[in-house]
Amino acid sequence: VTGTAMVSPSRRNQRRHEAQQYRRLYKTLRWKIIRRIQLQEHPLCARCLARGEVTQATVVHHAEPHHGDEVRFFNGPFQSLCKRHHDSDAQSEERVGYSVEIGADGWPADARHPANS
Ligand SMILES: [Zn+2]
């Protein structure tokens, strides 16, 4: 991968720490409650709705990347999405297991991106 040498060891540890944070946060009771409330208050897929379609949402999506940051993770903003839209979102983040979004520093923002492993 091009650019790997540009990442300092300390920064790589930071990314690894973020990946662990992700897993931990999704397992919390707090997240499960937030998820349930979000789907109760916004039961329809926001993207389908924007196109005039009515589809039940099943996934709570972080509309802004949280990078494992607890405050952003638990405070959103959130978006209710159907599985189809969530899976097609951010280059199929769910399927490949990471986002291909590039951060402001020009490096893949997602700690799970192979470039950060
Ligand atoms: Zn949808």
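Above this text you will find the structure in question.
All of these numbers come straight from a predicted model, not from anything done at the bench. (Residues numbered from 1 in each chain as written. Predicted model: local features only at pLDDT ≥ 70, side-chain atom pairs only at ≥ 80, totals over all residues. Heavy atoms only, no water.)

Novice: Let's hear about the environment of N75: which residues, and what values?
Specialist: Along the chain, N75 turns up in helix α4 (residues 70-75). You can call N75 exposed: its relative accessible area is 53%. Along the primary structure N75 and W31 are separated by 44 residues, whereas in three dimensions their C-alpha atoms are 10.0 Å apart. Of the polar contacts made by the side chain of N75, one reaches the backbone oxygen of V71; its length is 2.6 Å. (Helix = DSSP H or I, 4+ residues; strand = E, 2+ residues; numbered from the N terminus. Buried < 20%, exposed > 50% of the residue type's maximum accessible area, 1.4 Å probe, protein only. Polar contact = N/O pair within 3.5 Å; in protein donor to acceptor, adjacent residues only side chain to side chain.)

Novice: If you had to explain the packing of aromatic side chains to someone new, which residues and values would you point to?
Specialist: With the rule as written, the count across this model stands at five aromatic pairs. Aromatic pair F73 and F74: ring centres 5.1 Å apart, planes at 85°, arrangement edge-to-face. Residue placement shows R30 over the ring face of F74; its charged tip is 4.2 Å from the ring centre. (Phe/Tyr/Trp six-rings, centres within 6.5 Å; stacked < 30°, edge-to-face > 60°. Lys NZ or Arg CZ within 6 Å of the ring centre and 35° of its normal.)

Novice: Which residues make up the coordination of the zinc ion, and what values do they have?
Specialist: Around the zinc ion, the protein supplies C45 (SG), C48 (SG), C82 (SG) and H85 (ND1) as donor atoms, at distances of 2.0 to 2.3 Å. Every donor counted, the four donor atoms about the zinc ion form angles of 103 to 119° at the centre, which fits tetrahedral coordination. As a motif over one chain, the donors of the zinc ion read C-x2-C-x33-C-x2-H. Of this pair, C48 sits in helix α3 (residues 46-50) while H85 sits in helix α5 (residues 83-88), and the two are 37 residues apart along the sequence. Side by side, C48 and H85 carry an identical accessibility label, which is buried. (Donors = N, O, S within 2.8 Å, 3.2 Å for Na, K, Ca; no water. Tetrahedral: all angles 85-135°; square planar, octahedral: opposite > 155°, others 65-115°.)

Novice: Talk me through helix α2 (residues 29-41); I want residue IDs and the actual numbers.
Specialist: Taking 1.5 Å of rise per residue, the 13 residues of α2 would be expected to cover 18 Å, and the 18 Å separating its terminal C-alpha atoms lies within 8% of that figure. Those residues of α2 that are buried lie in contact with α1 (9-26), β1 (59-62), α4 and β2 (78-81). (Expected span 1.5 Å × (residues − 1). Contact = heavy atoms within 4.5 Å.)

Novice: How would you sum up the nonpolar core? Please name residues and give values.
Specialist: Buried together is how nonpolar side chains tend to be arranged in soluble globular proteins. Within the largest apolar cluster, eight residues are counted, these being L25, W31, I34, L39, A57, V60, F73 and F74. Tallying contributions element by element places α2 first for this core, with three residues. Dropping the residues within four chain positions of it, V60 is found in contact with W31, R35, Q38, L39, F78 and Q79. (Core = buried A, V, L, I, M, F, W, Y, C linked by side-chain atoms within 4.5 Å.)

Novice: Please provide a residue-by-residue account of the pattern of salt bridges, values included.
Specialist: The full count for this structure, using the stated rule, is three salt bridges. Measuring nitrogen to oxygen at the nearest pair gives 2.9 Å for the salt bridge that ties E53 to R51. In this structure E53 comes out as partly exposed when scored by relative accessible area, which is 32%. With a shortest N-O distance of 2.8 Å, K83 and D87 are connected by a salt bridge. Taken as a pair, K83 and D87 lie in helix α5 at a separation of four residues, close to a single helical turn. A residue is classified by how much of its surface remains accessible, and K83, at 49% relative accessible area, is partly exposed. (Salt bridge = Lys/Arg side-chain N within 4 Å of Asp/Glu carboxyl O.)

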